[in-house]
Structures are given as structure tokens and as C-alpha cells.
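One letter stands for each residue in the lines below.
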Amino acid sequence: MSSSNLLFLSLQAVLIITLFPKPNFTSASLEEANALLKWKASLEIPKNSLLSSWIVLPLNSSGLVSCTSWSGVVCNADGRIQKLNLTSSGLNGTLYRFPFSMLHNLTHFELSLNNFFGPIPPEIQLLSKLVYLDFSSNKFSGVIPPEIGNLHRLTFLGLYSNNISGPIPIELGNLKSLTNLDVSINQLSGSIPSSLGNLTSLNVLYLYQNQLSGPIPIELGNVKSLTHLAVYKKQLSGCIPSSLCNLTCLNLLYLYQNQLSGKIPVELGNLKSLTDLQLSMNQLSGYIPSSLGNMTSSNFLYLWENQLSSLIPIELGNLKSLTNLSLSNNQLIGSIPLSLGNLKSLNVLYLNQNKLSGPIPIELGNLNSLTDLQVSNNQLSGYIPSSLGNLTSLNVLYLYQNKLYGPIPIELGNLKSLTKLEVSNTQLSGYIPSSLGNLTSLNVLYLYQNKLSDPIPIELGNLKSLTALAVHNNQLNGSIPSSLGNLTSLNRLYLFQNQLSGPIPVELGNLKSLTDLVVYNNQLTGSIPSSLGNLTSLNLLYLYQNQLSGPIPVELGNMKSLTHLEVGINQLSGCIPSSLANLSNLQWLDLTENKLSGPIPSEVGKLKSLTHLYVSRNQLCGFIPSSVGDLTSLNILYMDHNELGGPIPSEVGKLRSLTDFKLNKNKISGSIPPEFGKLTNLQRLDPSSNHLVGEIPKEFGKMKSMLELYFVGNHLSGVIPVDLGFCELLEVLDLSKNRLNGSIPTSIGQWAQIHYLNLSNNMLREKIPSDIGKLIHLTELDLSHNFLTKEIPSEVQSFLSGF
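About the cut-offs
Residues numbered from 1 in each chain as written. Predicted model: local features only at pLDDT ≥ 70, side-chain atom pairs only at ≥ 80, totals over all residues. Heavy atoms only, no water. UniProt positions renumbered as here; feature names shortened; annotations may be inferred. Helix = DSSP H or I, 4+ residues; strand = E, 2+ residues; numbered from the N terminus. Buried < 20%, exposed > 50% of the residue type's maximum accessible area, 1.4 Å probe, protein only. Areas by Shrake-Rupley, 256 points an atom, 1.4 Å probe, with all protein chains shown as cover. Phe/Tyr/Trp six-rings, centres within 6.5 Å; stacked < 30°, edge-to-face > 60°. Lys NZ or Arg CZ within 6 Å of the ring centre and 35° of its normal. Salt bridge = Lys/Arg side-chain N within 4 Å of Asp/Glu carboxyl O. Pairing = 2+ DSSP bridges. Polar contact = N/O pair within 3.5 Å; in protein donor to acceptor, adjacent residues only side chain to side chain. pLDDT = per-residue confidence, 0-100. Contact = heavy atoms within 4.5 Å.

An unreviewed UniProt entry annotates the chain as non-specific serine/threonine protein kinase of Lactuca virosa. Per UniProt, the comment on the chain under Subcellular location (unreviewed entry) is "Cell membrane".

### Here we look at the overall build of the chain
Helices and strands together make up the secondary structure of the chain, namely four helices and 60 strands. By the burial criterion, 53% of the 803 residues in the chain qualify as buried. Accessible surface for the chain amounts to roughly 32,400 Å². Of this, 49% is attributable to carbon and sulfur atoms.

### Some words on the packing of aromatic side chains
Counting across every chain of the model gives 23 aromatic pairs. The interplanar angle of 10° and the centroid separation of 5.9 Å between the aromatic rings of Trp 39 and Phe 116 together place this pair among those described as stacked. Placement of Trp 39 in helix H2 (residues 26-40) and of Phe 116 in strand S5 (residues 115-118) is noted, with a sequence separation of 77 residues between them. By the burial criterion, Trp 39 is buried, and Phe 116 matches it. Each member of the aromatic cluster is reached from another via a ring pair, and the members are Trp 39, Phe 98, Phe 100, Phe 109, Phe 116, Phe 135 and Phe 140. When the ring centre of Tyr 638 is taken as reference, the NZ or CZ atom of Lys 662 above it lies at 4.9 Å. A cation sits over an aromatic face here: Arg 765 above Phe 787, 4.8 Å from the ring centre.

### Some details on the pattern of salt bridges
Evaluation of the coordinates by the stated rule reveals four salt bridges. The partner of Glu 708 in a salt bridge is Arg 684, with the nearest N and O atoms 3.7 Å apart. Of this pair, Glu 708 sits in strand S53 (residues 708-710) while Arg 684 sits in strand S51 (residues 684-686), placing them 24 residues apart in sequence. Arg 684 gets classed as partly exposed once you look at its relative accessible area, which sits at 30%. Taken together, the shared-partner salt bridges in this structure form one network comprising Asp 660, Arg 684 and Glu 708.

### Remarks on the environment of Leu 781
By the secondary structure assignment, Leu 781 is in strand S59 (residues 780-782). C-alpha separation for the pair Leu 781 and Tyr 756, spaced 25 residues apart in sequence, amounts to 6.2 Å.

### Concerning the sheet that holds strand S60 (residues 787-788)
Overall, parallel pairing links the three strands, which are arranged S56-S58-S60 in an open sheet. Where the open sheet ends on each side, the last strands, each with one partner, are strand S56 (741-742) and S60. Both strand S58 (residues 763-766) and S60 contribute to a ladder of two bridges, which runs parallel. From the neighbouring strand, Glu 766 faces S60, where its bridge partner is Leu 788.

### As for the side chain of Asn 498
Assignment of secondary structure puts Asn 498 in the loop between strand S35 (492-494) and strand S36 (499-502). Here the side chain of Asn 498 touches Phe 496 through a polar contact of 3.3 Å, landing on its backbone oxygen.

### A short note on the sheet that holds strand S54 (residues 715-716)
If you walk across this open sheet you meet the eight strands as S40-S42-S44-S46-S48-S50-S52-S54, and the pairing is parallel. Across the chains shown, the open sheet's two edge strands, defined by having one partner strand only, are strand S40 (549-550) and S54. Looking at chain direction, S40 and strand S42 (residues 571-574) are connected through two bridges and run parallel. Directly across from Ser 549, in S42, lies its bridge partner Gln 571.

### Comments concerning unusual backbone geometry
Positive phi, normally seen in glycine, also occurs at Gln 497, with a value near 55°. Looking at where Gln 497 falls in the secondary structure, it is placed in the loop between S35 and S36. Classification of Gln 497 by relative accessible area gives partly exposed; the value is 28%.

### A short note on the confidence of the model for the chain
Across the chain, the average pLDDT comes to 89, with 88% of residues at or above 70. This stretch, residues 1-26, has a pLDDT under 50; its non-local contacts, to residues over four places away or in other chains, come to 10 contacts. Across residues 183-189, where pLDDT falls below 50, the model places 53 contacts with residues more than four positions away in sequence or in other chains.

### Some remarks on the environment of Cys 727
Looking at the element boundaries, Cys 727 is found in the loop between S54 and strand S55 (732-734). Residue Cys 727 is classed as buried on the basis of its relative accessible area of 2%. Taking the C-alpha atoms as reference points, Cys 727 and Lys 704, separated by 23 residues in sequence, lie 4.9 Å from one another. Filtering out sequence-adjacent residues up to four positions away, Cys 727 remains in contact with Phe 700, Gly 701, Met 703 and Trp 751.

### Examining the pairing of strand S34 (residues 475-478)
Alignment of strand S32 (residues 451-454) against S34, held across two bridges, turns out to be parallel. Note on S34: the bridge partner recorded for Ser 453 is Gln 475. Relative to S36, S34 runs parallel, the two being bridged by two bridges. Looking at the pairing, Gly 478 lines up with Leu 500 of S36.

### Details of the side chain of Asn 758
Relative to the helices and strands, Asn 758 resides in strand S57 (residues 756-758). Among the polar contacts listed, one links the side chain of Asn 758 to the side chain of Tyr 756, at a separation of 3.2 Å. Polar side-chain contacts of Asn 758 include one of 2.7 Å to the side chain of Ser 760. If we skip the residues at most four places from it in the chain, Asn 758 touches Leu 733, Asp 734, Leu 735, Ser 736 and Asp 782.

Here you go:
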């Protein structure tokens, strides 16, 4: 290169440096950085936060440190702070000391997912170049400052998930260039301002999850560029304005979970670009407009949980792009349109909980993409179409609670992807197809409350993924297949109220995940398998009302999770095993109506969670253990119809939660413990037909909840205590067949609710008290076989004439 050329280039470089001097970042950048540091000092900052990189600048610093090494800070070409993104930094504090007046070049301000609180200061209007503002998921409170309306360049506003209250400022309507507005998930109140209709450049309007109320402004129909409108989970009321049909660019319209009423506007059918329409969980009424069949771009149509009536329009069959259709929880009538069989892209079809009638169309078998079909809780009739066996992508099939009849199609065994099959509460008959054993992905199989008969197919033992099997309330017979012991994922097994016979399979002891085993009200025989003691996750064991015999296995004491053990109404014999005392979570123990003998084990007092104890109608003997007093959670205690002897232990006075206590038809002796007076929640007490002696304790007057009291057929003596009159809720009192003497206390006039009073077959004397005339609800009165005078007070004569 020649020397003249080099000279020219040098002169050119000097000229460029002269005309375009290096910018001086020092003063302005340093001033902005120091202002941010002062704000940082007012915040609570966790370790490893983004703000940990914000260090104090040395005095000779240019301020560029904040642009190059401070996390969340981006500067422009002039070295001025342009973007501030502190999302998810764990910050706790306010904006009181934020340097709004310093950051004139800020375009992006993001504080979402922190713990900022207090109001959003009106000084935010000083950030005049702001384009993107996101304060969502914080704890900001107060109102949205009207001054935000001065941020004319704003394209995104996110204030959702805060504690902001007050109406949306009308001034937001001045943001003529706004393309995104998001103030969702707040606690905004007041109505949606009609001035939002001025935001003619707006693309996205998200106001959901607030406390906004009132109508949807018709002016929103002016926002022609709108593609997303979401104002769900609010308290909006009134009608859906037909002006929304002007939003021809709209892709998404979410108005669900409000209090909108009236009809669905026919004009919504004009929204040809709409892909997602969700109007569910409102109070919309009337018919579904057939014009919705014009929205051929729609993927989602959710109208569920409204008050829609009339027919399902056949025009919905035109929505060939539809993937989700939910019309459930309405009052729709008529039949399911055959045209729905055209919706080949449909994944989800929810028509449940309506008043639909007629058959299930065989055309639904054309919906090869369907994964979820729910038509339950209707009045559908006829057979289940075998064409449903074509829906090989189906995961969920709910047909329950209809009037379907006939057999279960064997073709349902083709639905290899099925995880839930529920056809309960219908009128199906015939057998359970063995082909259902092919549904190896099945988690839930509910066939209960039908008229199914024949044995349970052994092939159900192939359903290794099954967690719930319910075939109760049918007419199934035969034995319980031992193959059910292969269902090691099973949690709930309901076989009750059938005609099953034979033994309980030992193999059920393999079901280690089982929580509910319910096989009551069958004709099962044999002994209770000791292998059931392996079911340590079991909560409910219901074996009652069968023909089971033999002893209660001691191994049942291993089922530490058991809360309900019911083996009543069988032919079980032997003693009550003391190992049951290990069941520390047991709340309900029912051994009623067996042939159990021996004493009640004293270890029963360890069952501290027990609320119901039934040992009635057995051959139990010995004393009532005093440890019963340790069952302080007990509500019901039935020991009647046994051969128990000895006294009633005074420890029963500890049972403060007891409401019902039956001891009748035993050989109980001794006196009535006065500690009964502590049982202020006791409503029914029946120790009749025993050998009790002595007086009725006056402490019974403290039992203010008592409704029914029976002492019939004992050897009680003494007077009827006056204090008994304090039991003002008493409805039934039977003290007959004792040796009570003295007079009938006048305090009986306080029994305003009593309808049965029997004092017969005692040794009562003196005259009948006139207070009996006050017992206006009395329907049965027996005072016979006493020594009462023949003189009957006029009040009582008048009363008795009403019998």
C-alpha cells in the first residue's frame, strides 16, 4: 500500500473519532446502578438470589459493571439499563424505594414469582418506554394505579396472582398500542370497564381468576384484533353480548366459571376462526344454537354445567376438527345425534348427567380417535352397541346409571387401551364376558347394581393392573375365583350382595395392596382364611351375613391398618381372640349374631380408636371387663343377648362420648353405678332383663341427652328419683317389672317429648299425679299392676279420653 493511501486512512480514522466520540457511560450508568443498589438494600434477599451479583461499585467505576456482570440487567447501546428481569428470585419487599424516576430507558420490567407486597406506586408512569411489564405471582395489594394508562408503548401487562383489589382503571383504555393485557388470578373487584373497548390493537385480554363482577361490556366487540379473550373464574353476570361475534380473529374464548345467564348468542356461530370455546360452569339456559356447527375450526367446545335444555343439534356433526366436546351436567333431552359419528378427530365426548334417552348410536363406533366416552347419568335405553368394540384407543368408558339392558358385548374385550370401564347402575343381564380378561391395562372395573348372573370368570385374574373391582348388587353365583389372588395391584374388592357360595379363597391373602375387602350378604361357607392376616394395608373387612364358621383367626390381629372389622351374622365360634387388641386403628368392631363363647378379653381396652363395638347375640360369659372404660372414643356399645354376669363396672362412667348402650338379656347383677350420671351424651340405655338391684341413682337426672331409658325386668327398688324429671328430652321410659315403690314424682310433667311411658308391674302407691296431663305427645301409657289409688285427677281423665 502506498504512503499516500496510508495517510488517507489515518486521516479518515481521526475524522471518524472526531465526529463520533466514544460515549461517556460513567455518570448516567453509575447513577442508575447506585439507585438500584439503594432499592436492593430495602429488600429481603435469600442466598443464591440473582441480586447476589449486584455488588457495590467502586468510586472510579464507570457503571458498566451493572451492564456486564449484574444478573437480570440488560443495557442498551448507550449503557442505560433497558431490561430488568428478576423472575423467581425469592425477593421479599416493596416498590417504595424503586428508582422509577431514574430508569427512563427501561422497556422490560419483570418481577413475577416473588413475594413483593404493598401497592404498585403511581410513579410507574415514569417508565414511559415500558413495553413489557410482568408483576404476576406476587402479593401486591391495593388498586391497579390509573397511571399505568400513561404507558402508551406497553404490549404486555401481567399482574395475575396477587392481592390486588379495586376496579380495573378506566385509564387502561388509553393504551391504544397495547397488544397483550394480562391481569389474571388477582382479587380485582368491580366491573370490567367499557373503555377496554378502545384498545383496538389488543391481541390478548386475560382477566381471569379475579373478583370482577357485573356484565361483559358490549364494547369489547370493538377490539377487532383480539385473538384470545379469557375472563373465567369470576363473578360476571348477565348475558353474553352478541357483539362478541365481531371478533372474527378470535381463536380462544374462555368465559367459564362465572354467573352468566341467558341464551348462548346465535351470532357466535360467525366466529369461523374460533378453535376453543369454553362457556361451562355458568347459568346459561335455552338451547344450543345450531349455528355453532359453522365453527369448523373448533377443537374444543365446552358447554358443561349450565342449564341448557332441548336437543343436541345435529349440526355439531359438522365440526370435523373437534377433539373435545363436553355437554355434560345440563338438562339436554332427546337422543344422541347420529351425526356425532362424523367427528373422526374427537378424543373426548362427555354427554353425562343430562336427560338423554333412546339408544347409544352404533355410529359412535366410528370415532376411532376417541379416548374418553362418558354418557353416564342419563335415561339411555337399549343394548350396548357392539360397535364400541372398535374404539381401540379408548381409555375411559362410562355408561353407568342409565336404563341399558341386555348383555355386556364380548367385543368390549377388544378395548386393549381401556383403563376405566363403568357400566354399573343399569339393567344389564347375562354373564360377565370372559373377554374382559383381555383388558390388561384396566385399572377400574365397575359392573355393580345390575342383573348379572353366572359365576365370576376366572379370566378376570389376568387384569394385573386392576386397582378396583366392584361387581356387587347382582345375582352372581358360584365361588369366588382363586385367580383373583393374582390381582396384586388391587385396592378395592367389592363382591357383596350376590349369591356367591363356597369358601373365601386363601389366595386373597396375596393382595398386599388391598384396602377394602367387602363380601358381605352372600352364602359363603367355611372358615375365615388365616392368610387374610397378610393384608396389612386393609382398612375395611366386611364378611358379615354369610354362613362362615370356625374361629376368628388370631392372624387378623396383624392387620394394623384395619378401621372396620365386621363379621356379624355368621356361625363363627370359639373365643374372641385377644390379638384383636393389636388393631390400634380399629373404629368399628361387629361380632354380632354368631356362636362366640368365653369372656370378652380385657385387652379390648387397648382399642382406643374404637367408636362402635357390637358383640350382641352370642354366648359370651364372664364379667364385663373394667378396661371397657378405656374406650373413651366409643359411641355405640351393644352387649345384649349374651350370658354376661357380674356388675356393671363403674368405669363405664369414663365413656363420655357414648350415645347408645345395650346390655339387655344378660345375667348382669349388682346395683346401677351412679357414674352413669357422667354420660351426658348418652341417648339410649337398655340394661333390661337382667338381675339389677337397688335404686335408680339420682345422678341419672344429669343425663340431659337421654331419649330412651329401659330398665324393664330387673329387681330395682326404691322410689323413682325426682331428678329424672331433668331429662327433658326423654321420649321413652320403661321401668316396668321391677319393685319400685313410693309415688310417681310430679317432675314427670317436664317430659315434654315423651310418647311412651310404662311404669306397670311395680309397687307404686298414692294417686296418679295430675302432671301426666301435661304430656301432650304421650301415645302409650301403662300404670297397671301397682297400688295406685283409683282416684284419677280430672286433668288426667281429660287427657286419657284422648287415647
